[in-house]
Amino acid sequence: MSTSTDSLPADTFRITPLSNAAAGPRRTLSAPLSAEITAALDASPDGEVAVKSVDVRIPLLEKNDILAERNRGYFLGRGLVALNLVSSPGAGKTTLLERTLDEFGPRTRCAVLVGDLETENDGRRLRRAHAPVAQITTGTTCHLDASMVARGVEALDLDGVRILFIENVGNLVCPASFDLGEQVRVVLLSTTEGEDKPLKYPPIFKSAHVVLLTKIDVADALGFDRAAAVENIRRIAPQARLIQLSARTGEGFGEWTAFLESLVPKPR
Ligand code: MG
Ligand code: ZN
């Protein structure tokens, strides 16, 4: 039997702070935040409006980074771990989450924020009695940003929630630049795609804490070269933990759920 996983043991996994991570070098603010902006951010439950009204000159990504930090603090304060799931359309994010919610059931409370350009189909697919779900429709925007997440979270009952999944809009390009305030960024590559995706879209893979190789049950039928894909992932994203799984057959899924369990903050 071939092994379904190829990764570090769970206890060696460390979360590197994602602060301003996105891609490439850490962005620095063009100027220190003014006292007004700092105060407005502290006072307002909706940072976007406050920042816009105070200083419209804050460049888009800087503003996003500030709001992402707020989200991160909010999540940490609530004692939950937030994951940002990124992939091309059709790589299996929603299917992964359906099975994940079912396996955890009410035992570890999960919530989902799901982003798509249009339709609430994925939100509907993910609805479970034990897991609050909110759908964000972005219209023409091909990625989620930190302000959308802040607003989406307001629609969720996070009482008792330990894991928040944020399913990003299917896109491997600009989600790399938009920190959502997640602690863990998960990038999915499915066996229905090319083995060379990590070589073609390096920024998102370089920013990943975890890479999931999904749909491994159909790899052979599709002639997908798993060894080549793994080599490409390792080359571009040596920092990432790699988990290979199939949400349909459950192969490799135990490693994924054990990994998630290991992220849940311990009660103080
Ligand atoms: Mg989806
Ligand atoms: Zn975009």
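Residues numbered from 1 in each chain as written. Chains lettered and ligands numbered in written order. Predicted model: local features only at pLDDT ≥ 70, side-chain atom pairs only at ≥ 80, totals over all residues.

Glancing now at the overall build of the protein chain. When its secondary structure is counted, the protein chain shows eleven helices and seven strands. Partitioning the intrachain contacts of the protein chain with sequence separation of at least 6 by distance along the chain shows that 75% fall at a separation of at least 24. (Helix = DSSP H or I, 4+ residues; strand = E, 2+ residues; numbered from the N terminus. Contact = placed C-beta atoms within 7 Å.)

It is worth spelling out unusual backbone geometry at this point. With a phi close to 75°, Thr119 is a non-glycine residue in the positive phi region. Its place among the elements puts Thr119 in the loop between β2 (110-116) and α5 (121-126). With 10 C-beta atoms packed within 10 Å, Thr119 lands in the exposed category. The backbone of Lys215 sits at a positive phi, close to 60°, despite the residue not being glycine. Note that Lys215 resides in the loop between β6 (210-214) and α9 (219-222). (Buried ≥ 20, exposed ≤ 12 C-beta atoms within 10 Å, placed from the backbone.)

Moving on, we come to the nonpolar core. Val112, Leu164, Ile166 and Val211 are the most contacted members of the largest nonpolar core, which totals 63 residues. Beyond its immediate stretch of four places on either side in the chain, Val112 contacts Leu97, Leu126, Ala131, Val133, Phe165 and Glu167. (Core = buried A, V, L, I, M, F, W, Y, C linked by C-beta atoms within 7 Å.)

This part covers the sheet that holds strand β3 (residues 133-137). Taken in spatial order, the seven strands of this open sheet run β3-β2-β4-β1-β5-β6-β7, and their pairing is parallel. Bordering the open sheet on either side are β3 and β7 (241-244), each of which pairs with just one other strand. On average, adjacent strands in this sheet sit at an angle of 20° to one another, irrespective of strand direction. One ladder, built from four bridges, connects strand β1 (residues 81-86) with strand β5 (residues 184-190); its direction is parallel. Looking across to β5, one finds that Leu83 is bridged to Val184. Across the sheet, helix α11 (residues 253-263) is in contact with β1, β4 (163-167), β5 and β7; its angle to β7 comes to roughly 140°. (Pairing = 2+ DSSP bridges. Axes fitted to C-alpha atoms, helices over the stretch in contact; angles between N-to-C directions.)

For β5, a buried count of seven out of seven residues is recorded, marking the element as mostly surrounded by other parts of the structure. By the alternation rule, side chains of β5 split into Val184, Val186, Leu188 and Ser190 and Arg185, Val187 and Leu189, which are all buried.

Here we take up helix α4 (residues 93-104). Spanning twelve residues, α4 covers 16 Å between terminal C-alpha atoms, matching the ideal 16 Å at 1.5 Å per step. Considered for burial, the residues of α4 that qualify are Lys93, Thr94, Leu96, Leu97, Thr100 and Leu101. For α4, the angular spread of buried residues about the axis comes to 150°, placing them on one side. The positive-phi residue at the C-terminal boundary of α4 is Gly105, with phi of around 55°. (Expected span 1.5 Å × (residues − 1). Arc of directions from axis to C-beta.)

It is worth spelling out helix α10 (residues 226-236) at this point. Residues separated by three or four positions in an α-helix point in the same direction, a consequence of the helix having 3.6 residues per turn. Taken residue by residue, α10 has Ala229, Asn232, Ile233 and Ile236 as its buried positions. Down the axis of α10, the buried side of the element spans an arc of 100°, and every buried residue falls inside it. In α10, those exposed residues whose orientation departs by more than 90 degrees from the buried face are Ala227 and Arg235. Against the buried residues of α10 lie β5, α7 (197-200), α8 (202-206), β6 and β7.

The next subject is the confidence of the model for the protein chain. In the predicted model, the protein chain carries a mean pLDDT of 86, and 78% of its residues have values of at least 70. With pLDDT under 50 throughout, residues 1-13 is counted as low confidence; its partners more than four residues away or in other chains account for 22 contacts. Note on residues 47-54: pLDDT under 50 across the span, and 20 contacts to partners over four residues away in sequence or across chains. (pLDDT = per-residue confidence, 0-100.)

Let us look at the pairing of β2. Of all seven residues in β2, seven are buried, a share of seventy percent or more. The two faces of β2 match: Cys110, Val112, Val114 and Asp116 on one face and Ala111, Leu113 and Gly115 on the other face are all buried. When β2 meets β4, the two strands line up parallel, connected through five bridges. Counterpart to Leu113 in the pairing with β4 is Ile166. In this structure, β2 lies alongside β3, joined through five bridges in parallel fashion.

We now examine the packing of helix α3 (residues 60-77) against helix α6 (residues 146-154). It is at 8 Å that the axes of α3 and α6 come closest, and there the two elements cross at 35°. On the side of α3, the interface is formed by Asn64, Leu67, Ala68 and Asn71, while α6 contributes Ala146, Ser147, Val149 and Ala150. For the contact of α3 with α6, the per-class residue count stands at five nonpolar, three polar and no charged. (Nonpolar A, V, L, I, M, F, W, Y, C, P; charged D, E, K, R; others polar.)

To continue, consider the environment of Phe75. Mapping Phe75 onto the fold places it in helix α3. Classification of Phe75 as buried rests on a count of 22 C-beta atoms within 10 Å. With 83 residues separating them along the chain, Phe75 and Leu158 place their C-alpha atoms 9.8 Å apart. Apart from residues no more than four positions distant in its own chain, Phe75 is found in contact with Leu80, Ala82, Leu164, Gly181 and Gln183.

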